[in-house]
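Descriptive analysis of the structure
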Amino acid sequence: MNSPELTQAFPSVETTALQGFPADASDAAAITTSRTPTVLFVDQSGQPGGAELCLLPLAGLCAARSEVLLLAEGPFRARLEALGVRVRVSSNTRVAAISKQALRLGWLRAIPGILGQIRAIAAQARQFDVLYLNTQKAFVLGALGKPLHRRPVIWHVHDVMTGEHFGRMQLRIVRWLAKYAADRLVANSRASADALIALTGLPAQAVPVVHNGVDASTFAAVDATDLVALRRRLGLPETACLAGLFGRLAPWKGQHIAIEAMTHLPDVHLVLVGAALFGEDAYALQLRDQAKQLGVADRVHFAGLRDDMPAWMKAMNLILHTSTEAEPFGRVVIEGMAAGRPIVAAAAGGVLEIVRHRENGWLVKPGDVAGYVEAIETLRAEPELAQRLTDQASEDVREHFTLDRYLQQLTQVIAVAKS
Ligand code: UDP
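Residues numbered from 1 in each chain as written. Predicted model: local features only at pLDDT ≥ 70, side-chain atom pairs only at ≥ 80, totals over all residues. Heavy atoms only, no water.

1. A few points about the overall build of the protein
The helix and strand tally for the protein stands at 20 helices and 12 strands. The buried share among the 419 residues of the protein stands at 56%. Roughly 17300 Å² of accessible area belongs to the protein as shown, and the carbon and sulfur atoms make up 52% of that amount. (Helix = DSSP H or I, 4+ residues; strand = E, 2+ residues; numbered from the N terminus. Buried < 20%, exposed > 50% of the residue type's maximum accessible area, 1.4 Å probe, protein only. Areas by Shrake-Rupley, 256 points an atom, 1.4 Å probe, with all protein chains shown as cover.)

Written out as structure tokens, the structure is:
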């Protein structure tokens, strides 16, 4: 591979190294030079959510000349360090407790912590050329500190900034900072970009879209020809039809919709891969109760949080995505496509930029239990259709959702921000 765009952005980059994602700092050092911008990445979470898993390969690629500042401790730190990324943590429990919707009075008590974190980010940012803010709280804190650090600010937008997801005050703050403090914005989907454009009134070209990418080779590396052996290794039912649902357990991710669908699909098992990452423990318990009450508990398997998605996805017959609200992007959807399993996804938000109904997957109205049942029954009854969809999906991943393309586009955004 020899990409003119990447060569332009990073003049001395050895682009062939991008084909295999650098496994550690020494590999990353081999593909960066003194002309490559140094970057401080900031992310508010210590948990490996979608935004963090997007940051992981980028921070790994830039490891030799960057650092990640996390605003919370958690297992994400070890995932970064395993790639040779230098990580610092600056956490404050009151700031961490400010939630998406509840940015009301509680935040007043967090003011000292907020000021402390603004200063901590700014002090660190001064050591780098560019400040790359990967989550919304990181953006607010990093952008407010701009007079202190005076570094170009990039905000990677992973959210659909509407009243459906966020409180009014939060939207107001973000609108102001996006307009006046961000030097570069980049959104994970057209849906996220359009919501931000509508919120801020910024011109469309101010919010370019970079879709997530996946490393298809990690999926190809899992041998699923002996499906029974793979399932045995993962502790899954060996011969049943398995529908997998991947993602953190949270009401808007709609795991309850999939459990309800199981009542109409007596010989299908549901595998829920993921955990309550952001304090949604009550919902996780509720899901277990729901499965019991509906009499499907023996066919609903809670696998917990896993980090070997390719194996888990390839162990399934098909993959469900059941979010009830507009998904900002939906990494799980492109991962399922890369795994070569038919995807049944909720038709909203970023997913509409990935899935075309009955072409490379199956779209269902969000929350429509009967729609999921029909999709699963049809795909089981028509294996040729399922095969056609997965063939097209694999091609679409190879064409558009590659890790290489994703890394090239984001390294360019960083290079442009520095210039
Ligand atoms: N994921 C994971 N382990 C799990 C469940 C999910 O690593 O047990 C990953 C999943 O493979 C995907 C990410 O978490 O890469 C979720 O990203 P997505 O965009 O689907 O949702 P988000 O968490 O950003 O809302």
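More follows now that the structure is in view.
2. Points about the environment of L131
Within the element layout of this structure, L131 appears in strand β4 (residues 130–133). When the C-alpha atoms of L131 and A417 are compared, they prove to be 9.2 Å apart, with 286 residues separating the residues in sequence.

3. Quick notes on the sheet that holds strand β7 (residues 241–246)
Read across the open sheet, the six strands follow the order β9-β8-β7-β10-β11-β12; overall the sheet is parallel. On the outer flanks of this sheet lie β9 (300–304) and β12 (362–364), each paired with one strand and no other. On average, each strand axis in the sheet is inclined to that of its neighbour by 25°, with strand direction left out of account. Note: strand β8 (residues 268–273) against β9, four bridges, orientation parallel. In the strand pairing of β9, V271 is matched with H301. Its contacts with the sheet place helix α14 (residues 255–262) against β7, β8, β9 and β10 (318–320), and it is angled at close to 165° to β8. (Pairing = 2+ DSSP bridges. Axes fitted to C-alpha atoms, helices over the stretch in contact; angles between N-to-C directions. Contact = heavy atoms within 4.5 Å.)

4. Points about helix α3 (residues 50–61)
For an α-helix, the turn length of 3.6 residues means that residues three or four places apart are oriented alike. A rise of 1.5 Å per residue sets the reference length of α3, with its 12 residues, at 16 Å; its end C-alpha atoms lie 18 Å apart and thus fit the reference within 8%. Taking burial as the measure, the 12 residues of α3 include 10 buried ones, the bulk of the element. Buried residues of α3: A51, E52, C54, L55, L56, P57, L58, A59, G60 and L61, and no others. (Expected span 1.5 Å × (residues − 1).)

5. What to know about the pattern of salt bridges
Applying the stated criterion across every chain yields a total of 13 salt bridges. When the shortest N-O distance is used, the salt bridge between E335 and R331 registers 3.4 Å. Taken together, the residues E335 and R331, both in helix α17 (residues 331–338) and four residues apart, mark about one turn of the helix. For the residue pair E335 and R331, the accessibility class agrees, reading buried in each case. (Salt bridge = Lys/Arg side-chain N within 4 Å of Asp/Glu carboxyl O.)

6. Some points on the site of the ligand
As a matter of local geometry, the ligand sits amid 17 residues, with R248, K253, R306, R331 and E335 nearest to it. Measuring from an oxygen atom of the ligand, one finds a backbone N or O atom of G50 at 3.1 Å. Contact between the ligand and V332: an oxygen atom at 3.3 Å from a main-chain N or O atom of the residue. For the ligand, the accessible surface in isolation is 540 Å², of which the surrounding protein chains cover 91%. For the shell around the ligand, the secondary structure elements donating two or more residues are α3 and α17. (Near = heavy atom within 4 Å. Polar contact = N/O pair within 3.5 Å; in protein donor to acceptor, adjacent residues only side chain to side chain.)

7. Quick notes on the side chain of E52
Structurally, the position occupied by E52 is in helix α3. Look at E52: it is buried, it has no salt bridge, and the nearest opposite charge is R248 at 7.2 Å. Filtering out sequence-adjacent residues up to four positions away, E52 remains in contact with D43, S45, Q47, F76, N134 and T135. (Lys, Arg positive; Asp, Glu negative; His and termini not counted.)

8. Some remarks on the packing of α3 against helix α20 (residues 403–418)
Look at α3 against α20: their axes get within 10 Å of each other, and the N-to-C directions meet at 65°. Considering the angle they form, α3 stands roughly perpendicular to α20. The two elements α3 and α20 cross, and the hand of that crossing is right-handed. Mapping the contact onto sequence places C54, L55, P57, L58 and L61 in α3 and L403, Y406, L407, L410, T411 and I414 in α20. Within the contact of α3 with α20, the residues separate by chemical class into 10 nonpolar, one polar and no charged. (Parallel < 35°, antiparallel > 145°, perpendicular 65-115°, else oblique. Left-handed = near helix turned anticlockwise from the far one by under 90°. Nonpolar A, V, L, I, M, F, W, Y, C, P; charged D, E, K, R; others polar.)

9. Looking at the environment of L58
Along the chain, L58 turns up in helix α3. Taking the C-alpha atoms as reference points, L58 and T411, separated by 353 residues in sequence, lie 8.0 Å from one another. Residues contacting L58, with those up to four places away along its chain left out, are F41, Y132, L407, L410, T411 and I414.

10. Let's talk about the nonpolar core
Counting residues in hydrophobic clusters, the biggest one holds 38 residues, and the most contacted among them are V42, L131, F139, W155, M161 and L196. In terms of residue count, helix α8 (residues 136–144) provides more of this core than any other element does, five residues in total. Those residues in contact with M161 that lie beyond four places of it in its chain are Q136, W155, F166, L171, V174, A195, L196 and L199. F246, M316, I319 and V332 belong to the second-largest nonpolar core, a separate cluster that totals 36 residues. (Core = buried A, V, L, I, M, F, W, Y, C linked by side-chain atoms within 4.5 Å.)

11. What to know about the packing of helix α7 (residues 111–125) against α8
The geometry of α7 relative to α8 is characterised by a closest axis approach of 8 Å and an angle of 75° between their N-to-C directions. The orientation of α7 relative to α8 falls into the category roughly perpendicular. In this structure, α7 contributes I114, Q117, I118 and I121 to the contact, and α8 contributes L141, G142 and L144.

12. A short note on the sheet that holds strand β5 (residues 153–157)
With respect to topology, six strands assemble into an open sheet ordered β3-β2-β1-β4-β5-β6, the strand pairing being parallel. Of all the strands in the sheet, just β3 (87–89) and β6 (184–187) have a single pairing partner and so form its edges. The average angle at which neighbouring strand axes cross in this sheet is 20°, direction not considered. Sheet analysis places strand β1 (residues 39–43) next to β4, joined by four bridges and oriented parallel. Counted as the bridge partner of V39 is V130 from β4.

13. Overview of the pairing of β6
Two elements, β5 and β6, share four bridges in a ladder whose sense is parallel. If you follow V157 over to β6, its bridge partner there is A187. As a crossover connection, the stretch from β5 through helix α10 (residues 168–180) into β6 is right-handed. (Right-handed = clockwise from strand over helix to strand, strands pointing away.)

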